[in-house]
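As a plain string of letters, each chain reads:
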Amino acid sequence: MVLREINDRSLTKTDKSVIGLAIDLAPAIVFTDDFAVQNVLMKLGIKFNAVRLGRTAQEIKTFTYVCEGCGRVYKEPKQECPICGGKIKKSVMKPSPKGN
C-alpha cells in the first residue's frame, strides 16, 4: 500500500526485500544510502542511517511521471509519451494546497 502511495517505480526486488525485512524486524535500523529506500522507510516510520554519503532523505516524496514535451502526467513510468513522443521523467509530486 505504501509503495502505491509513494509511486516510486525505481525500487528493485532487493530494495523491497530490505524494506520487508525492516518491517519484520521492527526495532531494527536500516543502513542505506538509497534515497528511494529511505523515502519508503520514512513513510513507514522505520529508522535509517546513511552508510557513506553522510546525508539522508529529509522529507517523504511522492512521484509522478511527466512528459518533457507536452507536460502530460502519468501514474506509471513510460519510455516515451504516447501523445507527443516526448521523454518521460520521474518528478516529485507537488503537495496540494491546504484547505482544498
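That block above? That's the structure.
Here goes a summary of the coordinates provided. The written sequence of each chain sets the order in which its residues are numbered from 1. Given that this is a predicted model, residues contribute local features only at a pLDDT of at least 70 and side-chain atom pairs are listed and counted only at 80 or more, while totals for whole chains, interfaces and linings are drawn from all residues. Hydrogen atoms and water are omitted, and side-chain values are computed over all heavy atoms in the structure.

## Side note on the nonpolar core
- Among buried residues, the Ala, Val, Leu, Ile, Met, Phe, Trp, Tyr and Cys ones that are joined through side-chain atoms within 4.5 Å form a nonpolar core. For every residue, the accessible area obtained with a 1.4 Å probe (protein chains only) is divided by the maximum for its type, and the residue is called buried under 20%, exposed over 50%, and partly exposed between those limits. Core analysis: the biggest nonpolar cluster contains 12 residues, these being I6, L11, I19, A22, V30, A36, V37, V40, L41, I46, F48 and F63.
- Of the residues forming this core, the biggest block, four residues, is contributed by helix 3 (residues 35–44).
- Here F48 is in contact with I29, V30, Q38, L41, M42, T56 and A57, once residues within four sequence places are set aside. Helix numbers and strand numbers start at the N terminus; a helix is a DSSP run of H or I with at least 4 residues, a strand a run of E with at least 2. For this analysis, residues touch if any pair of their heavy atoms sits within 4.5 Å.

## Describing the pattern of salt bridges
- The rule for a salt bridge is simple: a side-chain nitrogen of Lys or Arg has to be within 4 Å of a carboxyl oxygen of Asp or Glu. In total, this model carries four salt bridges according to the counting rule given.
- Residue K43 pairs with E5 through a salt bridge whose shortest N-O separation is 3.1 Å. Within this pair, whereas K43 is found in helix 3, its partner E5 is found in helix 1 (residues 2–6), the two being separated by 38 residues in sequence.

## Description of the environment of T12
- Mapped onto the secondary structure, T12 falls in the loop between helix 1 and helix 2 (13–24).
- A relative accessible area of 40% means that T12 is categorised as partly exposed.
- For the pair T12 and C81, spaced 69 residues apart in sequence, the C-alpha separation works out to 24 Å.

## Observations concerning a nonpolar patch on the surface
- Patches were defined on residues exceeding 30% relative accessible area and lacking a salt bridge, with like-charge contacts within 9 Å and nonpolar side-chain contacts (Val, Leu, Ile, Met, Phe, Trp, Tyr) within 5 Å. Surface accessibility follows the Shrake-Rupley procedure with a 1.4 Å probe radius. Residue values consider only the protein chains on display as shielding. A surface patch of nonpolar side chains, amounting to about 300 Å² of accessible area, comprises I29, F31 and V51.
- With respect to the helices and strands, I29 occurs in the loop between helix 2 and strand 1 (30–31).
- You can call I29 partly exposed: its relative accessible area is 40%.

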